[in-house]
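Report on the structure
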2 protein chains.
Amino acid sequence: MSETSDIQPLQPLIVALRRLPGVGVKTAQRMAFHLMQRDQDGARALAQALVQTLDSVVHCQRCHTFSHQTMCPICSDAGRDAARLCVVETPADLAAMERTGAYRGYYFVLMGRISPMDGVGAADLGLSQLLARAQDGQVQEVILATSFTTEGEATAHMATELLKARGLQVTRLARGVPVGSELEYVDLGTIAHALVERR
Amino acid sequence: MSETSDIQPLQPLIVALRRLPGVGVKTAQRMAFHLMQRDQDGARALAQALVQTLDSVVHCQRCHTFSHQTMCPICSDAGRDAARLCVVETPADLAAMERTGAYRGYYFVLMGRISPMDGVGAADLGLSQLLARAQDGQVQEVILATSFTTEGEATAHMATELLKARGLQVTRLARGVPVGSELEYVDLGTIAHALVERR
């Protein structure tokens, strides 16, 4: 019998696809087969997008979101309300906040949340950078807009403790956002409502 | 408000990831975020695997499976039974047949099956190449090992008509394989049993 690597030349691609979150061996096999048999253009486009994104995207030095520049377009916008700083978990959450049109302040993106299951502790989030950012002398209110999940609440709780200890005013999105849901999936009206009623 | 492409620099990667089968926009967002925030090595490995696979993997000119050579290791093996030709849908199905250890003939890999829903008709499968392969003068029996799904059965039916019209003996894996399942998921003992009892 031939070696597996000989009769399965897609094996290296299958192994690489398994590093995508939520992709097991059968899904990876199907993806590899699909790309090589039906969509080689898609495979090339994906390889190119990966390389270009790796080469061109950095973290904004001020808010930590993904950006093509050292400072992202929002942080570079001097016309926003410097007294408000909104803390979100991911760039997708930031985008959801922006789409509400109800917020004109700046952001800080944690790029994650406390998650003991995934080995993400307080030290892995940029909490010390958040403290430095919030203490720039202009920020008067830090609005915590982490998800209303157990992990998001734990993250908000820890951030609140740290920020209040430094004398900063901390608010949280109102509980109009349905408990147990994640921010980026919530309808915009609910997010806007919760923003107005922050406490 | 900033442009979406400015505040979402991962957008090109998200678009590229959506070409993977079964990946919608939310899954693609999660994959892109995971790769860029937590596993840039994985992103590089995936880009490299895609390019290397695209550049090095071709179809075996004899059986159509994926291969690093013009002729795959199985087709190059002169020690196999040239009187038997087993028709499977995918390289994964071929691998499952090989793992049973119960088959010593050659293969023909359709690289798909008739699927009107996905726009895959008889012309898209290599049925004419299968006819040419089966009429090499050595093949005495063509064993159809397509899946026992509606689509696999339709494929087997069409192949049977074409092959019998040319005077070839056609057999089908015994129905020991549970109806409604796909070959690559079936346990090896069941496949081996179905091979022995082919009719």
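Residues numbered from 1 in each chain as written. Chains lettered and ligands numbered in written order. Predicted model: local features only at pLDDT ≥ 70, side-chain atom pairs only at ≥ 80, totals over all residues. Heavy atoms only, no water.

In terms of regular secondary structure, chain A is built from nine helices and six strands. For chain A, the C-alpha radius of gyration of 21 Å lies well beyond 16 Å, the compact-globule estimate for 199 residues. Expressed as lengths along the three principal axes of its C-alpha atoms, the size of chain A is roughly 70 × 35 × 35 Å. Counting over 199 residues, chain A shows a buried share of 53%. Contacts in chain A between residues far apart in sequence, at least 24 positions, make up 56% of those at least 6 positions apart. Surface accessibility of chain A: about 8800 Å² in total, with carbon and sulfur atoms responsible for 50%. (Helix = DSSP H or I, 4+ residues; strand = E, 2+ residues; numbered from the N terminus. Rg over C-alpha atoms; globule rule 2.2 N^0.38 Å. Buried < 20%, exposed > 50% of the residue type's maximum accessible area, 1.4 Å probe, protein only. Contact = heavy atoms within 4.5 Å. Areas by Shrake-Rupley, 256 points an atom, 1.4 Å probe, with all protein chains shown as cover.)

All names here are of chain B. One can describe the packing of helix α6 (residues 91-100) onto helix α9 (residues 188-196) by two numbers: an axis separation of 9 Å at closest approach and a directional angle of 85°. It follows from the interaxial angle that α6 and α9 lie roughly perpendicular. Between α6, through A96, M97, R99 and T100, and α9, the contact on the second element is made entirely by L188, I191, A192 and L195. (Axes fitted to C-alpha atoms, helices over the stretch in contact; angles between N-to-C directions. Parallel < 35°, antiparallel > 145°, perpendicular 65-115°, else oblique.)

All right, on to the UniProt feature "zinc finger region: C4-type" (unreviewed entry) in chain A then. When the UniProt feature table is mapped onto this chain numbering, "zinc finger region: C4-type" (unreviewed entry) sits at residues 60-75 of chain A. For the annotated span residues 60-75 of chain A, helix accounts for 19% and strand for 12% of the residues, and the straight-line distance between the end C-alpha atoms is 8 Å. (UniProt positions renumbered as here; feature names shortened; annotations may be inferred.)

Time to look at unusual backbone geometry. All names here are of chain A. Even without being a glycine, H64 presents a positive backbone phi close to 75°. H64 sits in the buried class, given a relative accessible area of 18%. Although it is not a glycine, M111 sits at a positive phi angle of roughly 60°. For M111, the location among the structural elements is in the loop between β4 (105-109) and α7 (127-134).

Of all hydrophobic cores here, the largest spans 132 residues; its most connected members are M97 and L163 of chain A together with M97 and L163 of chain B. Discounting residues that sit within four places of it in the chain, L163 of chain A has contacts with L130, L131, A134, V142, L144, L168 and V170 of chain A. (Core = buried A, V, L, I, M, F, W, Y, C linked by side-chain atoms within 4.5 Å.)

The subject of this paragraph is the packing of helix α4 (residues 40-56) of chain A against helix α4 (residues 40-56) of chain B. Helix-helix packing: each pair is described by the crossing angle between the helix axes and the interaxial distance. Running from N to C, α4 of chain A and α4 of chain B point in directions that differ by 145°, and their axes come no closer than 9 Å. Every pair of crossing elements has a handedness; the one defined by α4 of chain A and α4 of chain B is left-handed. Listed contacts from α4 of chain B to Q40, A43, R44, L46, A47, L50, V51, L54 and D55 of chain A of α4 of chain A are Q40, A43, R44, L46, A47, L50, V51, L54 and D55 of chain B. (Left-handed = near helix turned anticlockwise from the far one by under 90°.)

Moving on to the pattern of salt bridges. Residues and elements named next belong to chain A. A complete count under the given rule lists 22 salt bridges over all chains for this structure. A salt bridge links R113 to E182, with the shortest nitrogen-to-oxygen separation between them at 3.2 Å. Note that R113 is positioned in the loop between β4 and α7 and E182 in the loop between β6 (169-172) and α9 (188-196), a separation of 69 residues in sequence. (Salt bridge = Lys/Arg side-chain N within 4 Å of Asp/Glu carboxyl O.)

Our next topic: the interface of chain B and chain A. A common way to report how large an interface is uses the accessible area buried once the components associate. Across the boundary between the two partners, chain B contributes 59 residues, which contact 59 residues of chain A. Of the roughly 5600 Å² buried at the junction of chain B and chain A (both faces included), carbon and sulfur atoms supply 67%. It is R19, L54 and F66 of chain B in chain B that bury the most area against chain A; as a group they hold 12% of the surface buried on that side. Inspection of the region where chain B meets chain A yields six salt bridges. Where R19 of chain A meets D39 of chain B, a salt bridge forms, and the shortest distance between an N and an O atom there is 2.9 Å. (Buried area = accessible area lost by both parts, 1.4 Å probe.)

This next bit is on the environment of V51 of chain B. Residues and elements named next belong to chain B. The residue V51 is located in helix α4 in this model. Residue classification places V51 among the partly exposed positions, given a relative accessible area of 38%. Separated by 22 residues in sequence, V51 and P73 have C-alpha atoms that sit 23 Å apart.

This part takes up the relation of the copies chain B and chain A. When chain B is brought onto chain A, the operation consists of a screw motion whose angular component is 180° and whose axial shift is 0.0 Å, with 0.1 Å RMSD remaining. Such a combination of rotation and displacement between the chain copies is what one expects of a two-fold axis. Nearest to the rotation axis, the C-alpha of A47 of chain B is located 2.2 Å from it, this being the minimum over chain B. A high fraction, 100%, of the interface residues of chain B reappear at the interface in chain A, so the copies pair face to face through one surface. (Least-squares fit on C-alpha atoms with pLDDT ≥ 70 in both.)

What follows is about the pairing of β4 of chain A. All names here are of chain A. Most of β4 sits inside the fold, with five of its five residues counted as buried. In terms of strand pairing, strand β3 (residues 81-88) meets β4 through five bridges, oriented parallel. Looking at β4, one finds that V88 is bridged to V109. Each parallel crossover has a hand, and for β3 linked through helix α6 (residues 91-100) to β4 it is right-handed. (Pairing = 2+ DSSP bridges. Right-handed = clockwise from strand over helix to strand, strands pointing away.)

Okay, helix α8 (residues 150-165) of chain A next. All names here are of chain A. Compared with the 22 Å implied by 1.5 Å per residue over 16 residues, the 23 Å span of α8 between its first and last C-alpha is a close match. All buried positions along α8 are accounted for by G152, T155, A156, A159, T160 and L163. Down the axis of α8, the smallest arc covering the buried residues is 140°, so these residues share one side. Exposed residues pointing more than 90 degrees away from the buried face of α8 are listed as T150, H157, E161 and A165. In this structure, the buried residues of α8 make contact with α7, β5 (141-144) and β6. In the stretch just after α8, G167 is the one whose phi turns positive, near 80°. (Expected span 1.5 Å × (residues − 1). Arc of directions from axis to C-beta.)

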